[in-house]
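Residue-level structure breakdown
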Amino acid sequence: MKLIVVLSGAGMSAESGINTFRDAEGLWEGHDVMEVVTPEGFQKNPDLVYEFYNQRRRQLFDVLPNEGHRLLSDLEDDYNVSIVTQNVDDLHERAGSTNVVHLHGELRKVRSIVDEEYIVDWDSDLSKKDKDSNGYAMRPHIVWFGEAVPMLDKAVEIVSTADVVVIIGTSLQVYPAASLMHYVSQNTPIYYIDKNPASVTAQNIEVITKPATIGVNKAISRIKNKE
Ligand code: APR
């Protein structure tokens, strides 16, 4: 079976009701991004950052996967599908996708501030009172700006073996995630679905200027018609 690799960003979940990052002019859910998405922000005001991610985590239980997530999950009937997502929500998994790599971490996990390997599932609110087994504080399992991206090597490996790549709902502004498309083999077709796509130059790329739900449907039709 052919391998379809999906690279998804915030626009994938927009129609489920989760706000994107850059559609609100540097503000994310009313916050200056640098205050809540950096290690410095966490050091300066941990309570604000805990509360910010607590709100994001709570919101997850109020939203549902959209038609785009569902179509990608159904694609596993006919193809090998690997999803590399920048999203920290679990909507791909809840739609039924079975191979999902989270480049920027996961809202439903938290980890020790000292031991990066100490990662636990977490569905309730987190605060500075929560500790790992050695008594160190816990933090959201999120890759903040300026931090290493542990899943990057795995993502590069997946992308470089793709037969088809589908990029969905990302402004392609955040590195190293945006650099992943440079690892796509030369003759591999790329479909880039976005309501307001970034300008991209790559061989074999078709830009589909549509919301994710409609665009995914279109891209799948194109992929199936080409066989
Ligand atoms: N369908 C498709 N695309 C959409 C939709 C939609 N319904 N709504 C918005 N978009 C597009 C926007 O046009 C934009 O190109 O989604 C993209 C969202 O871009 P960003 O907000 O920059 O999100 P993303 O690219 O995922 O951000 C990357 O930035 O803050 C960090 O770590 C965070 O993972 C995040 C990273």
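Notes on the structure follow. Model, not experiment: these values are computed from the prediction.

**Observations regarding the packing of aromatic side chains**
For the coordinates displayed, the defined rule picks out four aromatic pairs. Between Phe42 and Tyr50, the aromatic rings sit 5.4 Å apart at their centres with planes inclined by 85°, giving edge-to-face as the arrangement. Given the relative accessible area of 12%, Phe42 is considered buried. Assessed through its relative accessible area of 4%, Tyr50 is described here as buried. When the centroid spacing of 5.1 Å and the interplanar angle of 90° are considered together, the rings of Phe52 and Tyr53 count as edge-to-face. Among the aromatic residues, ring-to-ring pairing joins Phe42, Tyr50, Phe52, Tyr53 and Trp144 into one connected group. Sitting over the face of the ring of Phe52, Arg56 holds its NZ or CZ atom 4.7 Å from the ring centroid. Over the ring of Trp144 we find Arg139, and its NZ or CZ is 3.9 Å from the ring centre.

**Here's the deal with unusual backbone geometry**
Generally, phi is negative for residues other than glycine and the peptide bonds are trans, each holding for most cases. With an omega of 5°, the peptide bond running from Tyr175 to Pro176 counts as cis. Mapped onto the elements of the fold, Pro176 is located in the loop between strand E9 (164–168) and strand E10 (190–193). Its identity as a non-glycine residue notwithstanding, Leu172 has a phi of 55°, on the positive side. Note that Leu172 resides in the loop between E9 and E10. Here Leu172 falls in the buried class, since its relative accessible area comes to 16%.

**Here's the deal with the pattern of salt bridges**
Once their charged atoms are close, side chains differing in charge can pair, the charge on each being opposite to the other. By the definition in use, this model includes 11 salt bridges. The salt bridge involving Lys128 is made with Asp47; its shortest N-O contact spans 3.2 Å. With Lys128 in the loop between strand E7 (119–121) and strand E8 (138–142) and Asp47 in helix H4 (residues 46–60), this residue pair connects regions lying 81 residues apart in the sequence. Of the residues examined, Lys128 reaches a relative accessible area of 46% and is grouped as partly exposed. Through salt bridges that share partners, Asp90, Arg94, Arg108 and Asp123 make up one connected network.

**Details of the layout of surface pockets**
In this model, the largest pocket occupies a volume close to 940 Å³. For the lining of the largest pocket, the secondary structure elements donating two or more residues are helix H1 (10–14) and helix H2 (33–36). Broken down by element, the residue count for the lining of the largest pocket peaks at four residues, all from H1. Split by residue class, the lining of the largest pocket holds 25 nonpolar, 13 polar and seven charged. A domain-level breakdown of the lining of the largest pocket finds at least three residues from each of domain 1 (1–18 + 66–104 + 148–227) and domain 2 (19–62 + 106–142). Estimates place the volume of the second largest pocket at around 400 Å³. Lining the second largest pocket are 20 residues; nearest its centre among them are Arg111, Ile119, His141, Val143 and Pro150. Mapped by element, the contributors of at least two residues to the lining of the second largest pocket are strand E5 (100–102), strand E6 (105–112) and E8. No other element matches E6, which puts four residues into the lining of the second largest pocket.

Conventions adopted
- Residues numbered from 1 in each chain as written.
- Predicted model: local features only at pLDDT ≥ 70, side-chain atom pairs only at ≥ 80, totals over all residues.
- Heavy atoms only, no water.
- Phe/Tyr/Trp six-rings, centres within 6.5 Å; stacked < 30°, edge-to-face > 60°.
- Buried < 20%, exposed > 50% of the residue type's maximum accessible area, 1.4 Å probe, protein only.
- Lys NZ or Arg CZ within 6 Å of the ring centre and 35° of its normal.
- Helix = DSSP H or I, 4+ residues; strand = E, 2+ residues; numbered from the N terminus.
- Salt bridge = Lys/Arg side-chain N within 4 Å of Asp/Glu carboxyl O.
- 1 Å grid on protein atoms, 1.4 Å probe; cavity = no way out; pocket = protein on both sides within 12 Å on 5 of 7 lines; lining within 4 Å.
- Points joined across faces, edges and corners; volume = space filled by probe spheres on them.
- Nonpolar A, V, L, I, M, F, W, Y, C, P; charged D, E, K, R; others polar.
- Domains from an automatic or database assignment.

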